[in-house]
Amino acid sequence: MRCPSPARGRDGTGSLRVTRAFGAAVEGEALISDEGFSPRYDLDRWTGLISRPGHALEGRDIKDKILITPSAKGGIAAGWAFYDIKCKGIAPKAFVFGITNPVMVQGAVFAGITITEGWSRDPHDIFKTGDIVRVDPGRKTIELVNRRATSQGGGT
Amino acid sequence: MRLTAEEKKILRGAMGPAAKLALELQVEIGKFFGARRFVPVSNVHMMGDIEVMGDGGKDFLERMVKLGARCVRNTTTNARCFDFDYVAMLGQDAGEADKERKLISCLRQLNVVTADTCINYQTIYQPHKGERVAWGDTGTVIYANSVFGARSNFESGPAALAAAITGRVPEYGFHLDRHRRGTIKVSVTARLEDLADWGAVGKIVGSAHQDYFAVPVFDGIKEKPSADQLKHLGAALASYGSMGMFHMVGVTPEAPTLRAAFGGRRPRTTMTITSRDIDRVYAGYETHGNPLNLVVFSGPQQSLFEMKRLAELLDGRKVKPGTRVFVTTSNGVKSAAAKLGYLDKITTAGATVLEGVCFYILQNIAQIRVKNGWSNLVTNSAKLANIIGAHRFNAILRRTAACIDIACAGEDRP
């Protein structure tokens, strides 16, 4: 299927370059966090909702999202947990980390979930939560496809 | 990646489908991190319990058994989510406990030693300087890298299992000299006595630098730390900061001097930790008007010396009615504590000692919290104080003796 031409970002480029990447090219709704992420500390692994009180994304659903988050937190659990949430059908389409750790990468590779690390710039300059973005590990880019509808909820 | 003839053979399936699957996973992980080759490992420690693996992970393990997978290195398991003697008492799910038993059976068929401990570095295997291992549970990894001078990345369950099957790991991260050098200088003027003080240091440094490749170098610490103190420091750094290594000048093997710890480079940043900083950590916890009726010593499991200290502090005292105290440890430590009389003193006081588990990964822990009406959780573990929030506990970090006073007298003296 042909992908639509990327829309232009606020600075005119509409694209974020990443340092490292694994997985298939995917397209989905961006969910941008100002806080790091851990599937054990922050996520309800039965509903896909961010459950940790006070987390920047508390109450948000990560299912089928492109989860954009600055860092990986703590634990070793992601290795199995990503596969578990993939089997339960509540996994995001991709993880886009500023800084990650091996656990997140091992977990994503094992589960077959697209993952990237390293941002050429602040994603807030280009994307908003709710925008449709395309993650292309082969080209190491994340591109804006469509702006979110103005009526959609946001919150980063 | 440059592959050896043997690795190419594995990828062609000559060593069986399970080894092929395992090495394919490792190649992708290695490519992500730019690894140039594989390096052999001597020992593996892996997480494998039903709470984190779910039915999908259990099905995967059963498939690996059917494919004839077998660990070719000594492989132990991390703490799990059930102590089978306490399933009913805790109100855990009997069906999930049955799955856990099947999962343990699978692991044993794969040639895994189901030791169920997160303190393997204190109780089972102590690698030497430069020895490459593949360990999971972040607390074990940071201890291996920092205190032993061994080499490991965080190896999560499937990655550790892959390493156990292939006997190797991709060479990246802490397997490479360049990532083992210090990046942050931490001058410590605070007096650190209790285990919780060391965890508080880990919280301060880890929270300020959430980066796997950040390597703090501690300098100026007056006390010569014990293994348990280093354990709590490392566990907290790994938990709050996702860190896999630290140095302590004059203490850890790759830091005979400050200069050696940084490998001749300048620190990217410096910080100082005073006694007031430690006091501020303790003052930062709130009860929110709820009772202090749950005290937990866990995360990591208790060593024999921690059990001895708890026995001394609880000797002749009783846990206050309406308050619960939980202690988690390994089977080996619990057995030794029983023989030495520590266990009797701890349980006679009214505490519950669980083996082979860690409190925060107990199956059904969120529901157990609700059923018991618990809100506050008092602990001397900074790591536990960090991670238990996921289950909507309100954690309060206190020194060990203060935790016991809260348990027995309801008095909070931070």
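Residues numbered from 1 in each chain as written. Chains lettered and ligands numbered in written order. Predicted model: local features only at pLDDT ≥ 70, side-chain atom pairs only at ≥ 80, totals over all residues.

## A look at the overall build of chain B
- From N to C terminus, chain B includes 19 helices and 14 strands.
- A compact globule built from 414 residues should have a C-alpha radius of gyration of about 22 Å, and chain B, at 21 Å, falls within 12% of that.
- Over its C-alpha atoms, taken along the principal directions, chain B stretches across nearly 65 × 55 × 40 Å.
- Residues counted as buried form 57% of the 414 residues belonging to chain B.
- Counting contacts in chain B only where the partners sit at least 6 residues apart, residues at least 24 apart contribute 79% of the total. (Helix = DSSP H or I, 4+ residues; strand = E, 2+ residues; numbered from the N terminus. Rg over C-alpha atoms; globule rule 2.2 N^0.38 Å. Buried ≥ 20, exposed ≤ 12 C-beta atoms within 10 Å, placed from the backbone. Contact = placed C-beta atoms within 7 Å.)

## Quick word on the overall build of chain A
- Broken down by element type, chain A carries two helices and seven strands.
- Starting at the N terminus and ending at the C terminus, chain A contains elements arranged as β-β-β-α-β-α-β-β-β.
- Taken over 156 residues, chain A has a buried fraction of 56%.
- Across chain A, every contact between residues at least 6 apart in sequence was considered, and the portion connecting residues at least 24 apart equals 72%.

## A few points about the packing of helix H2 (residues 102-111) of chain A against helix H2 (residues 17-32) of chain B
- Where H2(A) contacts H2(B), the two axes come as close as 10 Å, and the packing angle between them is 135°. Taken together, the axis directions place H2(A) and H2(B) in an arrangement best described as oblique. Between H2(A) and H2(B) the crossing geometry is right-handed. Along its contact with H2(A), which presents Val105(A), Gln106(A), Val109(A) and Phe110(A), the element H2(B) presents Leu25(B), Glu28(B), Ile29(B) and Phe32(B).
- Of the residues in the contact of H2(A) with H2(B), the class split is six nonpolar, one polar and one charged. (Axes fitted to C-alpha atoms, helices over the stretch in contact; angles between N-to-C directions. Parallel < 35°, antiparallel > 145°, perpendicular 65-115°, else oblique. Left-handed = near helix turned anticlockwise from the far one by under 90°. Nonpolar A, V, L, I, M, F, W, Y, C, P; charged D, E, K, R; others polar.)

## Quick notes on the sheet that holds strand S3 (residues 74-77) of chain B
All names here are of chain B.
- Ordered in space as S3-S2-S4, the three strands form an open sheet in which the pairing is parallel. A single partner strand is all that each edge strand has here, and the edge strands are S3 and strand S4 (134-135).
- In terms of strand pairing, strand S2 (residues 43-46) meets S3 through four bridges, oriented parallel. Bridge pairing in S3 places asparagine 43 opposite asparagine 74.
- Sitting on the sheet, helix H8 (residues 157-166) is in contact with S2, S3 and S4, with an inclination near 155° to S2. (Pairing = 2+ DSSP bridges.)

## Quick look at the pairing of strand S10 (residues 294-302) of chain B
Residue and element names in this part refer to chain B.
- In terms of burial, S10 is a largely internal element, nine of the nine residues being buried.
- Pairing analysis gives five bridges linking S10 to strand S11 (residues 324-329), with the strands arranged parallel. Bridge assignment links valine 295 to a residue of S11, and that residue is valine 325.
- With respect to chirality, the unit in which S10 leads through helix H14 (residues 304-314) into the neighbouring parallel S11 is right-handed.
- As paired elements, S10 and strand S13 (residues 376-379) share two bridges and run parallel to each other. (Right-handed = clockwise from strand over helix to strand, strands pointing away.)

## Describing the interface of chain B and chain A
- Between chain B and chain A, the residue contacts involve 32 residues of the former and 33 residues of the latter.
- Among the elements of the structure, H2, helix H3 (50-66), H8 and helix H11 (227-241) of chain B are those that each provide at least two residues to the side of chain B that touches chain A.
- The biggest single contributor to the side of chain B that touches chain A is H3(B), with seven residues.
- Residue composition of the side of chain B that touches chain A, by class: 14 nonpolar, 13 polar and five charged.

## Quick look at the domain arrangement of chain B
Residue and element names in this part refer to chain B.
- Its domain assignment divides chain B into domain 1 (5-176), domain 2 (181-282) and domain 3 (288-409).
- Distance between the C-alpha centres of domain 1 and domain 3: 28 Å.
- Domain 1 puts 22 residues into the contact, and the matching count from domain 3 is 19 residues.
- Contributions of two or more residues to the side of domain 1 that touches domain 3 are made by H3 and helix H6 (120-123).
- Of the residues forming the side of domain 1 that touches domain 3, the biggest block, three residues, is contributed by H3.
- Of the residues that constitute the side of domain 1 that touches domain 3, the class distribution is nine nonpolar, six polar and seven charged. (Domains from an automatic or database assignment.)

## Digging into the pairing of strand S3 (residues 65-71) of chain A
Residues and elements named next belong to chain A.
- Judged by how many residues are buried, S3 sits mostly within the fold: seven of seven residues are covered.
- Relative to strand S4 (residues 94-99), S3 runs parallel, the two sharing five bridges. Of the residues in S4, the one forming a bridge with leucine 67 is phenylalanine 95.

## Things to note about the sheet that holds strand S6 (residues 184-188) of chain B
- The strand order across the open sheet built from four strands is S8-S7-S6-S9 (chain B), with neighbouring strands paired in parallel fashion. Edge strands, defined here as strands with exactly one partner in the open sheet, are strand S8 (247-248) and strand S9 (269-273) of chain B.

## A few points about the nonpolar core
- Phe82(A), Ala108(A) and Ile346(B) are the most contacted members of the largest nonpolar core, which has 184 residues in total.
- A total of eight residues in this core trace back to one element, the largest contributor, which is H2(B).
- The contact partners of Ile346(B), leaving out residues within four places of it in the chain, are Leu310(B), Ala311(B), Leu314(B), Val327(B), Ala351(B) and Val353(B). (Core = buried A, V, L, I, M, F, W, Y, C linked by C-beta atoms within 7 Å.)

## A closer look at the packing of helix H1 (residues 78-87) of chain A against H3(B)
- Closest axis-to-axis distance for the H1(A)/H3(B) pair is 7 Å, and the angle between their directions is 85°. By the criterion of interaxial angle, the relationship of H1(A) to H3(B) is roughly perpendicular. Between H1(A), through Trp80(A), Ala81(A), Tyr83(A), Asp84(A) and Cys87(A), and H3(B), the contact on the second element is made entirely by Val52(B), Met53(B), Gly54(B), Asp55(B), Gly56(B), Gly57(B) and Phe60(B).
- Across the contact of H1(A) with H3(B), the residue classes break down as seven nonpolar, three polar and two charged.

## With respect to the confidence of the model for chain B
- Taken over all residues, the pLDDT of chain B has a mean of 97, while the share at 70 or more is 100%.
- Scoring of the predicted complex yields 0.94 for pTM and 0.92 for ipTM. (pLDDT = per-residue confidence, 0-100.)

## Remarks on H3(B)
- Spanning 17 residues, H3(B) covers only 19 Å between terminal C-alpha atoms, well under the ideal 24 Å at 1.5 Å per step.
- The set of residues buried in H3(B) consists of Ile50(B), Glu51(B), Val52(B), Met53(B), Gly54(B), Gly57(B), Lys58(B), Phe60(B), Leu61(B) and Met64(B).
- Next to the buried residues of H3(B) lie H1 of chain A together with H2, helix H5 (94-109) and H8 of chain B.
- Positive backbone phi, at 85°, marks Gly68(B), one or two positions downstream of H3(B). (Expected span 1.5 Å × (residues − 1).)

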